[in-house]
Amino acid sequence: MAEKMIDKIVRISKKPAQIRNICTCAHIDHGKTTFSDNLLAGAGMMSEELAGKQLALDFHEDEKARGITIDTAAVSMVHEFEGKEYLINLLDTPGHVDFGGDVTRAMRGVDGAIVLACAVEGMMPQTETVLRQALKERVKPVLFINKVDRLIKELQLTPEAMQERFVKIINDVNRMIRDISPKEYKDTWTVNVQNGTVAFGSAFHNWALSIPYMKNKKITFKDVIDAYESGGEKYKELAKKAPLHEVVLNMVIRHHPNPVDAQKYRIPWLWRGELDSEEGKSLINCDPNGPLFYCITKIVVDPQAGEISCGRLFSGTMKKGLNVYLNRQKQEARIQQVFIFNGAKRDIVEEIPAGNVLGIAGVKSYPGETITFEQTEPFEQITHIFEPVITKAIEATKPADLPKLIDVLRQVTKEDPTIKIEINEETGEHLMHGMGELHLEVIENRIKTEKGIDVKTSQPIVVYRETISKESPQIEGKSPNKHNKLFFKVEPIDDATYSLLKKGEIREGRIKKKDLDMRDKLVSAGWDNKKALSVKDVFNGCLFLDETRGIVYINEILEMVMDMFEDVMRAGPIAREPCLRVKVSLMDCKLHEDAIHRGPAQLYPAVREGIRGAMMQANPVIFEPKQILQIDSPSDYMGEVSKIVSNKRGQLLEMNQEGSQTVIKAKLPVAEMIGWSSDLRSATGGRGNSSLVDQMFEKLPGELQDKIVKQIRERKGLTAGQVGA
């Protein structure tokens, strides 16, 4: 009797050299899910007729309705290459920018990424965003150029013109890889047609080619052109001669690292613990007999099985019945079941060793959690390039549904942690922060349809940032009992340092021991050595420095000072909006020698008053979120498009004409973009579309500062007395 697929997967899962953990990443509608379907069909997990039409990995109703992937789906398959069987764990990710956080989390669990680029559209903004995220997580890319059939059939390009197009796409991808990759991989990770790290084909017609495959099977590019030009269905023969799954999976096995090789360079970047400890060695060697280290990358809520956590096991062996510890939630749990993913279905297994992507049930947690046996240093927080900038207040239509709504909102943040939920106990309002209008609309829809609660939401609210524009004098913060005095100074963070923070070169978090790597980066940005070593906390793009000297009890109070520093950075002095680019220095303090008189009740108000007071003396201003969009529209509508951009306080950055299409880059304030997609559609006769390239915060024009501050204060119910103090 033939061996069952699940038994085959379990057998190979014990040979880490034969495992590849990969994901797809690309711009929306560049064909990722169709592409993944073909890989599944090739691995014998789906009928070939349905491949590319079934969209097996889109199983949410709203994904089918909108025709886009919203959640990352996991699947394991087996592929034979040069006489050996390999286990390939594939995560299919979304391309729409509003769901980019899902891509970020998938990257933590994989070692290689297949970047899909459309042969017709080339490198798109979204492809750049996800590629940047992959490189940030130390994931090695290979390139697949999709929709080649359209170049032949629709655009009828000559072979030379097609080659030019391919070269341009490959150069664009390589430019990004060189820009962002870690130094040691700048050249080795670039993609290249000759060595087979680039393949091209058509996911829709199920064929692909790469140079090694063409040499091996004696197929030329001329055969492809002939197959399409001869009319009829001759192109179907291509799928038999050069099946997509074979070409792509051969490329994956040859060029993507196995977990043992990948963890040697990924772990020092993703984990801050001691690399020489038993845990560190086990992580670097992907040791199945070492301590358990499992990182959750996604949570799926299943009506029957409850919460299922999908993630990557970096060390140890995951078994049913293990008692484990959740490091971020600081609580214990028990593993009830262990699963392997199989497209939309899951198979229960007894145990799975390190180096695999798997699912577990019995643990209630959230993505980014590190599961181990005992309390230890968790993996780095998973951060997404863009922050949520649009908020909606949400409430249950029926008051009786309120307790259920709070549970559902907590569940929503687990399923999609880029949605931030804020439950304000005082005003009783629940706020949902998301990436954009579509993002919040989808989540709202899911609450209604899948969770069965009727909700109503407010108009979208934009999230602003507070910052300062000059250095403050030293300001004193006094404790309520008048026995402790702390002296603070604040100043804006300079551009060089801020760009290090934005790129993630300086990592978020409190600094427990001397971080020489961070010191060197700050010195290269123009800091002096001593000051660079006094940085104690990096929080949301703000810095806290301890510049005191010879204070006896300083170590006892520093944690409390940092708690309040983070608190003020979350809600600044002007309108309680988050702060940005603020450097806070503790210059000096006078403390009561008796510990009882310098507890949290005394120090918290002193720190808060000191930092807020200093910021009010440093000319505080409001920054608004802006997005750079790429707008594609037929050239006839150019005037209309530039009109809506200027009506929305936007600025045109560049404009390029490509045939009958014009591609515009424009920077727009998020506050003016509510209803943007319908405005753009009506201005371009339904033919224009836009995608997000970048997001940043810039100073709100002077004439709007007071108006916006007043609006925010009114919305939050702040009186003049509550602000600034």
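Remember, predicted model here, so these are calculated numbers, not experimental data.

Next up on the list: the overall build of the chain. Along its length, the chain carries 23 helices and 33 strands. Once local pairs closer than 6 in sequence are excluded, the contacts in the chain between residues at least 24 apart make up 73%.

Contact geometry of helix α5 (residues 125-136) with helix α7 (residues 159-180) gives a least axis separation of 10 Å together with a crossing angle of 35 degrees. For the pair α5 and α7, the crossing hand works out as right-handed. Only Val173, Met176, Ile177 and Ile180 of α7 make contact with α5, whose side of the interface consists of Glu128, Leu131, Arg132 and Leu135. Here the contact of α5 with α7 is composed, by residue class, of 6 nonpolar, no polar and 2 charged.

As for its placement among the helices and strands, Gly659 is situated in the loop between β31 (651-658) and β32 (661-669). Of the residues examined, Gly659 reaches a relative accessible area of 63% and is grouped as exposed. Residues Gly659 and Pro634, spaced 25 residues apart in sequence, show a C-alpha to C-alpha distance of 9.1 Å.

What follows covers the nonpolar core. Core analysis: the largest hydrophobic core is formed by 75 residues, its most contacted members being Phe35, Ile114, Leu143, Phe144, Ile145, Leu209 and Phe221. Sequence-distant contacts of Leu143, defined by excluding residues within four places in its chain, comprise Val115, Ala117, Ile169, Ile170, Val173, Val191, Thr197, Val198, Ala199 and Met251. Ile394, Leu500, Ile574 and Ile712 belong to the second-largest nonpolar core, a separate cluster that totals 45 residues.

Orientation of helix α12 (residues 259-270) relative to helix α13 (residues 278-285), taken along the N-to-C sense of each, is 135 degrees, at an axis distance of 6 Å. Of the possible angle classes, the one that applies to α12 and α13 is oblique. When α12 is examined against α13, the residues Val260, Gln263, Lys264, Ile267 and Pro268 are found in contact with a partner set consisting of Leu283, Ile284 and Asn285. Of the residues assigned to the contact of α12 with α13, the class counts are 5 nonpolar, 2 polar and 1 charged.

Looking at the chain, pLDDT values average 81 and 87% of them are 70 or higher. Across the chain, strand β25 (residues 485-492) holds the top mean pLDDT of 93, while helix α3 (residues 61-66) sits lowest at 36. A low-confidence stretch, residues 46-72 (pLDDT under 50), is modelled with 78 contacts involving residues beyond four sequence positions or located in other chains. Across residues 94-100, confidence stays below pLDDT 50; counting only partners more than four residues off in sequence or on other chains, it has 29 contacts.

Attention now goes to the packing of aromatic side chains. According to the stated counting rule, one finds 10 aromatic pairs in the structure shown. The interplanar angle of 85 degrees and the centroid separation of 6.2 Å between the aromatic rings of Phe166 and Phe221 together place this pair among those described as edge-to-face. Taken together, the residues span a long stretch of sequence, with Phe166 in helix α7 and Phe221 in helix α9 (residues 221-229) at a distance of 55 residues. Consider the rings of Tyr185 and Tyr265, whose centres lie 5.1 Å apart with planes at 50 degrees: the pair is tilted. Placement of the pair is Tyr185 in the loop between α7 and β6 (198-202) and Tyr265 in helix α12, with a sequence separation of 80 residues. The pair Tyr185 / Tyr265 is uniform in exposure class, with both members buried.

We now examine the pattern of salt bridges. Tallied over the entire structure, the rule returns 35 salt bridges. Taking the shortest distance from any N to any O, the salt bridge between Lys392 and Glu444 comes out at 3.3 Å. Pair noted here: Lys392 is in strand β18 (residues 390-396) and Glu444 is in helix α15 (residues 437-449), with a separation of 52 residues, a long-range link. The burial state of Lys392 is the same as that of Glu444; both residues are buried. Residues joined in a network through salt bridges with shared partners are Arg510, Asp537, Glu559, Asp563, Glu566 and Arg570.

Let us now look at the environment of Val167. When you line up the elements, Val167 lands in helix α7. Separated by 25 residues in sequence, Val167 and Asn192 have C-alpha atoms that sit 9.7 Å apart.

Attention now moves to unusual backbone geometry. With the exception of glycine, the majority of residues adopt a negative phi angle, and the majority of peptide bonds are in the trans configuration. Positive phi values are uncommon outside glycine, yet Lys218 reaches one of about 55 degrees. A relative accessible area of 68% places Lys218 in the exposed class.

Taken in spatial order, the 6 strands line up as β24-β25-β29-β28-β27-β26 in an open sheet, and their pairing is mixed. Of all strands in the sheet, those with a lone pairing partner are β24 (475-478) and β26 (509-510), marking the two edges. Bridge count between strand β27 (residues 535-539) and strand β28 (residues 542-546): 4 bridges; the pairing is antiparallel. Each bridged residue has a counterpart across the sheet, and for Val535 the counterpart in β28 is Leu545.

Turning next to the pairing of strand β11 (residues 323-326). Of the strand pairs in this sheet, β11 and strand β12 (residues 331-334) are connected by 4 bridges, and their pairing is antiparallel. Paired with Val324 across the strands is Ala333, a residue of β12. In sequence, β11 turns back onto β12 through a hairpin of 4 residues, with Lys330 there showing a positive phi of about 55 degrees. Sheet topology places β11 next to strand β17 (residues 370-372); 2 bridges connect them, and they run antiparallel. The residue of β17 that forms the bridge with Leu326 is Ile371.

Another point: α5. Between its first and last C-alpha atoms α5 spans 17 Å; for 12 residues at 1.5 Å apiece the expected length is 16 Å, and the two agree. In terms of burial, α5 is a largely internal element, 9 of the 12 residues being buried. Taken together, the buried positions of α5 are occupied by Pro125, Gln126, Thr127, Thr129, Val130, Leu131, Gln133, Ala134 and Leu135. Note on α5: the residue one or two positions beyond its end, Arg138, has a positive phi of about 65 degrees.

Here Thr297 lies in strand β8 (residues 293-302). The exposure class of Thr297 is buried, given its relative accessible area of 6%. The residues touching Thr297, leaving out its near neighbours within four places in the chain, are Arg105, Arg108, Gly109, Cys310, Gly311 and Pro367.

What follows deals with the pairing of strand β23 (residues 465-468). Taking every second residue as pointing to the same face, both faces of β23 are buried, with Arg465 and Thr467 on one and Glu466 and Ile468 on the other. By the bridge criterion, 4 bridges tie β23 to strand β30 (residues 620-634) in an arrangement that is antiparallel. What sits directly across from Glu466, in β30, is Ile622.

Let us now look at the side chain of Thr372. With respect to the secondary-structure elements, Thr372 resides in strand β17. Within the structure, Thr372 has its side chain in polar contact with the backbone oxygen of Glu374 (distance 2.8 Å). Residues in contact with Thr372, not counting those within four places in the same chain, are Leu292, Phe293, Val324, Tyr325 and Asn327.

Each full turn of the α-helix corresponds to 3.6 residues, which orients residues three or four apart in the same direction. For helix α19 (residues 554-570), spanning 17 residues, the distance from its first C-alpha to its last is 24 Å, which sits close to the expected 24 Å at 1.5 Å a residue. Taken as a whole, α19 has its buried residues at Ile554, Ile557, Leu558, Met560, Val561, Met562, Met564, Phe565, Glu566, Val568 and Met569. Looking at the buried residues of α19, the elements they touch are β25, β26, β27, β28, β29 (582-590) and α20 (600-616).

About the criteria used
- Residues numbered from 1 in each chain as written.
- Predicted model: local features only at pLDDT ≥ 70, side-chain atom pairs only at ≥ 80, totals over all residues.
- Heavy atoms only, no water.
- Helix = DSSP H or I, 4+ residues; strand = E, 2+ residues; numbered from the N terminus.
- Contact = heavy atoms within 4.5 Å.
- Axes fitted to C-alpha atoms, helices over the stretch in contact; angles between N-to-C directions.
- Left-handed = near helix turned anticlockwise from the far one by under 90°.
- Nonpolar A, V, L, I, M, F, W, Y, C, P; charged D, E, K, R; others polar.
- Buried < 20%, exposed > 50% of the residue type's maximum accessible area, 1.4 Å probe, protein only.
- Core = buried A, V, L, I, M, F, W, Y, C linked by side-chain atoms within 4.5 Å.
- Parallel < 35°, antiparallel > 145°, perpendicular 65-115°, else oblique.
- pLDDT = per-residue confidence, 0-100.
- Phe/Tyr/Trp six-rings, centres within 6.5 Å; stacked < 30°, edge-to-face > 60°.
- Salt bridge = Lys/Arg side-chain N within 4 Å of Asp/Glu carboxyl O.
- Pairing = 2+ DSSP bridges.
- Expected span 1.5 Å × (residues − 1).
- Polar contact = N/O pair within 3.5 Å; in protein donor to acceptor, adjacent residues only side chain to side chain.

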